[in-house]
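Residue-level listing of the chains:
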Amino acid sequence: MKNRRILTLTFSVLSLLCFMTSCVRDMNYIISYEPHLRGVVESMDITTAVIECTPEENNGYGGRYRISLEPENPHSYDDVKVGDKIFVYYNGKMTDDSIPLITKVYAILLDVSAQAESTTSEQTE
């Protein structure tokens with residue numbers, strides 16, 4: 001009877017750990033499978049930022065979007081500033097407002113290729 005309790009408790013704990021770890025999406029999974037936008041941060045407040053996206057960089061979808069600055073993945077870029085070029089990975093849903101709001105953000109990444117381009121152009125001037 002005691003062994004059965006220990007086995008049941010062990011199984012329960014392992015099941016709970018598996019469930020908890022599956023709730024946070026792995027960054028590689030997010031980058032590979034979740035929809036994203038690439039844009040430049042125009043303005044910010046405490047919990048959101050407005051990004052400007054060009055159609056050329058976003059499969060024909062351009063415009064301004066308001067995004068949550070509280071991504072699910074703890075390894076997201078968390079030092080977002082006006083002027084940063086970022087990737088925003090999200091669940092594909094947004095509000096139907098004049099500036100669509102994306103509340104379910106999985107990850108925010110700094111576009112390092114944009115940073116490299118600006119550094120290169122500064123060095124050539």
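Quantities reported herein were computed from a predicted structural model and do not represent experimental measurements.

(A) Main features of the side chain of Ser68. Structurally, the position occupied by Ser68 is in strand 3 (residues 63-68). Here the side chain of Ser68 touches Glu70 through a polar contact of 3.1 Å, landing on its backbone nitrogen. Among residues more than four places away in sequence, those in contact with Ser68 are Thr47, Thr48, Ile102, Thr103, Val105 and Ile108.

(B) Representation of the sheet that holds strand 3 within the structure. Strand order in this open sheet of 6 strands is 5-3-2-1-4-6, and the pairing throughout is mixed. Bordering the open sheet on either side are strand 5 (101-102) and strand 6 (105-110), each of which pairs with just one other strand.

(C) Highlighting the pairing of strand 1 (residues 36-44). Of the pairings in the sheet, the one linking strand 1 to strand 4 (residues 85-90) comprises 5 bridges and is antiparallel in character. Paired with His36 across the strands is Tyr89, a residue of strand 4. Note: strand 1 against strand 2 (residues 48-53), 4 bridges, orientation antiparallel. Looking at strand 2, one finds that Val41 is bridged to Ile51. In this structure, the hairpin formed by strand 1 and strand 2 is closed by a connection of 3 residues.

(D) A look at the environment of Glu34. Tracing the chain through its elements places Glu34 in the loop between helix 2 (27-33) and strand 1. Among the residues examined, Glu34 registers a relative accessible area of 14% and is labelled buried. Spatially, the C-alpha atoms of Glu34 and Gly92 are 7.7 Å apart, while their sequence positions differ by 58 residues. When residues no more than four places from it in sequence are discounted, the contact partners of Glu34 are Arg25, Tyr29, Tyr89, Tyr90 and Tyr106.

(E) Structural detail: unusual backbone geometry. Of note in this structure, Asn59 is not a glycine but carries a positive phi near 50°. Note on placement: Asn59 falls in the loop between strand 2 and strand 3.

(F) Looking closely at the nonpolar core. Among the nonpolar cores identified, the biggest contains 15 residues, and Leu37, Ile51, Ile67, Ile86, Ile102 and Ile108 are the most heavily contacted of them. Counting residues per element, the ones that place at least two in this core are strand 1, strand 2, strand 3, strand 4 and strand 6. Aside from chain neighbours lying at most four places away, what touches Leu37 is Ile51, Cys53, Asn58, Tyr65, Ile86, Phe87, Val88, Tyr90 and Ile102. Formed by 6 residues, the second largest nonpolar core is a distinct cluster that contains Ile30, Tyr106, Ala107 and Leu109.

(G) Expanded view of the pattern of salt bridges. Under the counting rule described, the total for this entry stands at 7 salt bridges. As a salt-bridge pair, Arg38 and Glu57 come within 3.4 Å of each other at their nearest N and O atoms. Here the residue Arg38 occupies a position in strand 1, and Glu57 occupies one in the loop between strand 2 and strand 3, the gap between them amounting to 19 residues. On the basis of relative accessibility, which here comes to 16%, the residue Arg38 falls in the buried class. Looking at Glu57, the relative accessible area reads 28%, which means it is partly exposed. Each of the salt bridges in this network shares a partner with another, and the network as a whole consists of Arg38, Glu57, Lys85 and Asp111.

Conventions we followed
- Residues numbered from 1 in each chain as written.
- Predicted model: local features only at pLDDT ≥ 70, side-chain atom pairs only at ≥ 80, totals over all residues.
- Heavy atoms only, no water.
- Helix = DSSP H or I, 4+ residues; strand = E, 2+ residues; numbered from the N terminus.
- Polar contact = N/O pair within 3.5 Å; in protein donor to acceptor, adjacent residues only side chain to side chain.
- Contact = heavy atoms within 4.5 Å.
- Pairing = 2+ DSSP bridges.
- Buried < 20%, exposed > 50% of the residue type's maximum accessible area, 1.4 Å probe, protein only.
- Core = buried A, V, L, I, M, F, W, Y, C linked by side-chain atoms within 4.5 Å.
- Salt bridge = Lys/Arg side-chain N within 4 Å of Asp/Glu carboxyl O.

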